[in-house]
Amino acid sequence: MKQILKAAELQQAVAEAKEKGLEIGLVPTMGALHEGHLSLIERALKENDVVVVSLFVNPIQFNNKEDLEKYPRTIEADLDLINGLVSRMGSEAKAKELYAFTPTVDEMYPNGEPKEVYHFGPVEEVMEGPRRPGHFSGVAVVVRRLFDLSQPRRAYFGEKDYQQIAVIRALLEQIKYPIELVPCPIVRADDGLALSSRNMRLSPAARAMAPAIYATLEQAAEMAEYEEVDDVKEWVLDTLASYHEVNDCPDGLRFEPEYFEIVDARTLQPIANWDEAGDLGAVGCIAVWLDGVRLIDIVKF
Ligand code: PAF
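Residues numbered from 1 in each chain as written. Predicted model: local features only at pLDDT ≥ 70, side-chain atom pairs only at ≥ 80, totals over all residues. Heavy atoms only, no water.

Q: Is there a simple way to think about the overall build of the protein chain in this case?
A: Counting its regular elements, the protein chain contains 13 helices and nine strands. A compact globule built from 301 residues should have a C-alpha radius of gyration of about 19 Å, and the protein chain, at 20 Å, falls within 12% of that. Across its three principal directions, the C-alpha atoms of the protein chain cover 60 × 40 × 40 Å. When burial is assessed residue by residue, the protein chain has 52% of its 301 residues classed as buried. (Helix = DSSP H or I, 4+ residues; strand = E, 2+ residues; numbered from the N terminus. Rg over C-alpha atoms; globule rule 2.2 N^0.38 Å. Buried < 20%, exposed > 50% of the residue type's maximum accessible area, 1.4 Å probe, protein only.)

Okay, structure coming up:
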């Protein structure tokens, strides 16, 4: 694995790979890597000749300054994790070219804050979209820049940020780049909590409570066999909002659900009946506050 800090150096490595006819896989991340990210990198290493992992905390996708400041930055540990993965995977992975692209903000945006703005219509007008104005446009700006720099054949994104995948799909349709979008399943801790860089901000007591989110979603998936969409939605929101009333939660901890929507998995538009879901089925997407940390998760129906 080679760390690259400069865009021009990445472009050079990419140009050489392209000349040799090699296929490039891109794994965009904001660092603070965990096993979820490593699963994307592992898959990219299996499916491509060259892999670019970007580690860049993209300021323009944060609409909350405090969230940006608190976002963990752990580059050295991240590079160790990537090296550990390659050793674990063995000779085939070691033979691949692997670049960890770790630019500064100035390197990524040499002309200052980018002016371009992306709109994606209905897919961004639900759930995260209205709650985080400008977020998806900021994601699209950085992802397009990473596409331009690394010219990937495939790009890997985790399904935890389910709406982000729909937005990247819409971005690819807009810019018409021949890149295969590869959505990858959520990796969970043994107790079911979706791995997330934000989990490290939970206190031990909150971390112990957090698995109740996915446990509730799993029960919702069972209820979907016999309950209407609206009833399942209401049950999930009520169960989490009243969790502290029926469980022993220390330190005044409680779940504060921001939304739980059951949507068509492709269009992300809310469905009123299970049979409204199209080719990708239905998915439930949740955002919950716990201990001052905003956690998101999904369940497929
Ligand atoms: O999912 C993330 O970590 C980020 O939104 C991404 C795709 C790396 C863009 O900054």
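On we go.
Q: Mind showing me how you'd approach helix α12 (residues 229-241) here?
A: Because each turn of an α-helix spans 3.6 residues, side chains separated by three or four positions in sequence point in the same direction. Here α12 is 13 residues long and its end C-alpha atoms lie 19 Å apart, about the 18 Å a rise of 1.5 Å per residue gives. In this structure, the buried side of α12 is in contact with α11 (212-223), α13 (243-246), β7 (256-264) and β8 (282-290). (Expected span 1.5 Å × (residues − 1). Contact = heavy atoms within 4.5 Å.)

Q: Explain the site of the ligand here, please?
A: Taken together, P28, T29, M30, N58, Q61, V139, V142, F157, D161 and Q164 make up all the residues around the ligand. Contact distances for the ligand include 2.6 Å between an oxygen atom and a side-chain N or O atom of Q61. Measuring from an oxygen atom of the ligand, one finds a side-chain N or O atom of Q164 at 2.7 Å. In isolation the ligand exposes 290 Å². Once the protein is present, 89% of that is buried. Counting only elements with at least two residues in the shell around the ligand, the list comes to β2 (24-29) and α8 (135-150). Within the shell around the ligand, the residues separate by chemical class into five nonpolar, four polar and one charged. (Near = heavy atom within 4 Å. Polar contact = N/O pair within 3.5 Å; in protein donor to acceptor, adjacent residues only side chain to side chain. Areas by Shrake-Rupley, 256 points an atom, 1.4 Å probe, with all protein chains shown as cover. Nonpolar A, V, L, I, M, F, W, Y, C, P; charged D, E, K, R; others polar.)

Q: Looking at this model, I keep getting lost on the sheet that holds strand β9 (residues 293-300). Mind explaining?
A: Strand-to-strand pairing in sheets goes through backbone hydrogen bonds, with the strands running parallel or antiparallel. Taken in spatial order, the three strands make up an open sheet running β7-β8-β9, and their pairing is antiparallel. The open sheet terminates on both sides in strands that have one partner only, identified here as β7 and β9. Sheet twist, expressed as the mean angle between neighbouring strand axes with direction ignored, is 15°. Two strands pair when backbone bridges link them, and β8 and β9 are joined in this way by eight bridges, in the antiparallel orientation. Among the inter-strand pairings, C285 is bridged to a residue of β9, identified as I298. (Pairing = 2+ DSSP bridges. Axes fitted to C-alpha atoms, helices over the stretch in contact; angles between N-to-C directions.)

Q: When you look at the sheet that holds strand β1 (residues 2-4) in this model, what are you seeing that I'm missing?
A: The strand order across the open sheet built from six strands is β1-β4-β3-β2-β5-β6, with neighbouring strands paired in parallel fashion. Strands with a single pairing partner mark the edges of an open sheet, and in this sheet they are β1 and β6 (180-184). Here the strands of the sheet are splayed against their neighbours by 25° on average, with no regard to which way each runs. Where strand β3 (residues 50-55) lies against strand β4 (residues 97-101), five bridges are found, and the strand directions are parallel. What sits directly across from V53, in β4, is A100.

Q: Just to check I follow, could you spell out the side chain of R154 for this structure?
A: Here R154 shows up in strand β5 (residues 154-158). A polar contact is formed between the side chain of R154 and the side chain of E23, at a distance of 3.1 Å. Discounting residues that sit within four places of it in the chain, R154 has contacts with E23, I24, G25, L26, E47, N48, I179, E180 and V182.

Q: Help me understand the pairing of β4 in this model?
A: Every other side chain in a regular strand lies on the same face of the sheet, so the side chains alternate between the two faces. For β4, a buried count of four out of five residues is recorded, marking the element as mostly surrounded by other parts of the structure. Relative to β4, β1 is paired through three bridges, and the arrangement is parallel. Within β4, the position partnered with I4 by the bridge is F101.

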